[in-house]
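Topology and contacts: notes
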Amino acid sequence: MAKGFLDYSSVAKKLREVEVFPSSLTLLDCSLGGGVAIGKWFEIMGAEGTGKTSLSLRIASSRIITNPKSYLLFIDAEQSLSYERIKETFLDDENVEIDEDGYIYYNGEPRGNVVVVETYEQVYRLLNDFSKFCVENNYEGLVVWDSLVSLTTEKILKGESEGLSYKARAISEIINRFRPDMSRIPITMITINQIRAKINITGFGGLSKSEGIMGDIDYTIPAGYEHRFASYLTIF
């Protein structure tokens, strides 16, 4: 093969060497080299209403069903996830129950927890506690964070200014703290991110360079670049 060209056969081989679990979606598993890589960071990205949360719940339910030593932590930053939706999306909905405290039971055994959060500091502490929980109970963890940029900081809640890049800094701190635990324990992370319209002096989108009038909307992806670099794969 010519120098400088990517050898896709070697990439596929490397993907197959990573331990995976099935997502229950055949086409997705084929695209991922056999399934969702364990101990890696995944990003599911798209516009609102495109099924990002439903996809993550489908993957999470497959993990719970296929591995009795797995445990799910669903971080509900959107504060909009209903327990009925979890049950409806679950692959084996007849054997799953969610109590009023957000604990998920499968075949009568505790296998997950839904936690509503408001700040990035809460996520930091929550992930730290979850890592310890998985180690103490010999669990393989799965974290779904929905969504990445729907939070604020404790300083802002107190009325203090944090600057424009506070979300990127907060996410960077979480990544640097949590990534070493992911492959060691292991814990698989799925973060949900949204694409958003850019806002400039012309409003949403921007001027069409070719026509000088309002053209197609330009989009931006929030959360900074470090999260993009940390992700093993982005599902768009």
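Residues numbered from 1 in each chain as written. Predicted model: local features only at pLDDT ≥ 70, side-chain atom pairs only at ≥ 80, totals over all residues. Heavy atoms only, no water.

A look at the overall build of the protein
- Assigned secondary structure in the protein consists of 8 helices and 14 strands.
- Going through the 236 residues of the protein one by one, you find that 43% of them count as buried.
- Look at the contacts in the protein between residues 6 or more apart in sequence, and 69% of them connect residues 24 or more apart.
- Accessible area for the protein stands at about 13,100 Å²; split by element, carbon and sulfur atoms hold 52% of it. (Helix = DSSP H or I, 4+ residues; strand = E, 2+ residues; numbered from the N terminus. Buried < 20%, exposed > 50% of the residue type's maximum accessible area, 1.4 Å probe, protein only. Contact = heavy atoms within 4.5 Å. Areas by Shrake-Rupley, 256 points an atom, 1.4 Å probe, with all protein chains shown as cover.)

Digging into helix H5 (residues 120-137)
- Counted at 1.5 Å a residue, the expected span for H5 with its 18 residues is 26 Å, and the 26 Å between its end C-alpha atoms agrees.
- Turning to H5, its buried residues number three or more, namely Tyr120, Val123, Leu126, Leu127, Asn128, Phe130, Ser131 and Cys134.
- Buried residues in H5 make contact with strand E4 (70-76), strand E7 (109-116), strand E8 (140-146), helix H7 (166-184) and strand E9 (187-194).
- Of the residues one or two after H5, Asn138 is the one with positive phi, at around 55 degrees. (Expected span 1.5 Å × (residues − 1).)

Describing empty space enclosed by the protein
- Taken as a whole and assessed by the stated rule, the structure comprises 1 cavity of 30 Å³ or more.
- Within this model, the largest cavity holds a volume of roughly 50 Å³.
- Elements that contribute at least two residues to the lining of the largest cavity include exactly helix H3 (52-66) and helix H4 (83-89).
- In the lining of the largest cavity, the residues fall into 6 nonpolar, 2 polar and no charged. (1 Å grid on protein atoms, 1.4 Å probe; cavity = no way out; pocket = protein on both sides within 12 Å on 5 of 7 lines; lining within 4 Å. Points joined across faces, edges and corners; volume = space filled by probe spheres on them. Nonpolar A, V, L, I, M, F, W, Y, C, P; charged D, E, K, R; others polar.)

Concerning the pattern of salt bridges
- Under the definition given, this model contains 5 salt bridges.
- Close ionic contact of Arg63 with Glu140 constitutes a salt bridge, the shortest N to O distance being 2.4 Å. Of this pair, Arg63 sits in helix H3 while Glu140 sits in strand E8, and the two are 77 residues apart along the sequence.
- On the basis of relative accessible area, Arg63 is assigned to the buried category, the value being 4%.
- Connected through shared salt-bridge partners, Arg177, Asp181 and Arg184 make up one network. (Salt bridge = Lys/Arg side-chain N within 4 Å of Asp/Glu carboxyl O.)

Section: the sheet that holds E8
- Taken together, the 8 strands give an open sheet; going across it, the order is E5-E6-E7-E4-E8-E9-E3-E14, and neighbouring strands pair in mixed fashion. The sheet is open, and its two edges are formed by strand E5 (96-98) and strand E14 (233-235), each paired on a single side. Across the sheet, the axes of successive neighbouring strands diverge by a mean angle of 20 degrees, strand direction being ignored.
- In this structure, strand E3 (residues 41-46) lies alongside E9, joined through 6 bridges in parallel fashion. Across the sheet, the residue bridging to Trp41 is Met189, located in E9.
- Along the sheet, H5 contacts E4, E7, E8 and E9; its crossing angle with E4, the most-contacted strand, is approximately 175 degrees. (Pairing = 2+ DSSP bridges. Axes fitted to C-alpha atoms, helices over the stretch in contact; angles between N-to-C directions.)

Thoughts on a negative patch on the surface
- Negative charge collects at one region of the surface, where Glu84, Glu88, Asp93 and Glu94 lie side by side.
- Within the fold, Glu88 resides in helix H4. (Patch = residues over 30% accessible without salt bridge, like charges linked within 9 Å, V, L, I, M, F, W, Y side chains within 5 Å. Lys, Arg positive; Asp, Glu negative; His and termini not counted. Charge placed at Lys NZ, Arg CZ, Asp CG, Glu CD.)

Here we look at the environment of Ile65
- Secondary-structure assignment places Ile65 in helix H3.
- On a C-alpha basis, the gap between Ile65 and Phe90 in space is 9.5 Å, while along the polypeptide they are 25 residues apart.

Structural notes on the packing of aromatic side chains
- Going through the model one piece at a time under the given rule, you end up with 8 aromatic pairs.
- Geometrically, the ring pair formed by Phe42 and Tyr232 is edge-to-face, given 5.6 Å between the ring centres and 70 degrees between the ring planes. Separated by 190 residues along the polypeptide, Phe42 in strand E3 and Tyr232 in the loop between helix H8 (224-230) and E14 bring together distant segments of the chain.
- Taking relative accessible area as the criterion, Phe42 reaches 3% and is therefore assigned buried.
- Taking the centre distance of 5.5 Å and the plane angle of 25 degrees together, the rings of Phe133 and Tyr139 count as stacked.
- Taking the relative accessible area as the measure of exposure, Phe133 reaches 27% and is therefore partly exposed.
- Among the residues examined, Tyr139 registers a relative accessible area of 14% and is labelled buried.
- What links up through ring pairs into an aromatic cluster is the set Tyr71, Phe130, Phe133 and Tyr139.
- One Lys or Arg, Lys69, reaches over the ring of Tyr139 and ends 4.6 Å from the middle of that ring. (Phe/Tyr/Trp six-rings, centres within 6.5 Å; stacked < 30°, edge-to-face > 60°. Lys NZ or Arg CZ within 6 Å of the ring centre and 35° of its normal.)

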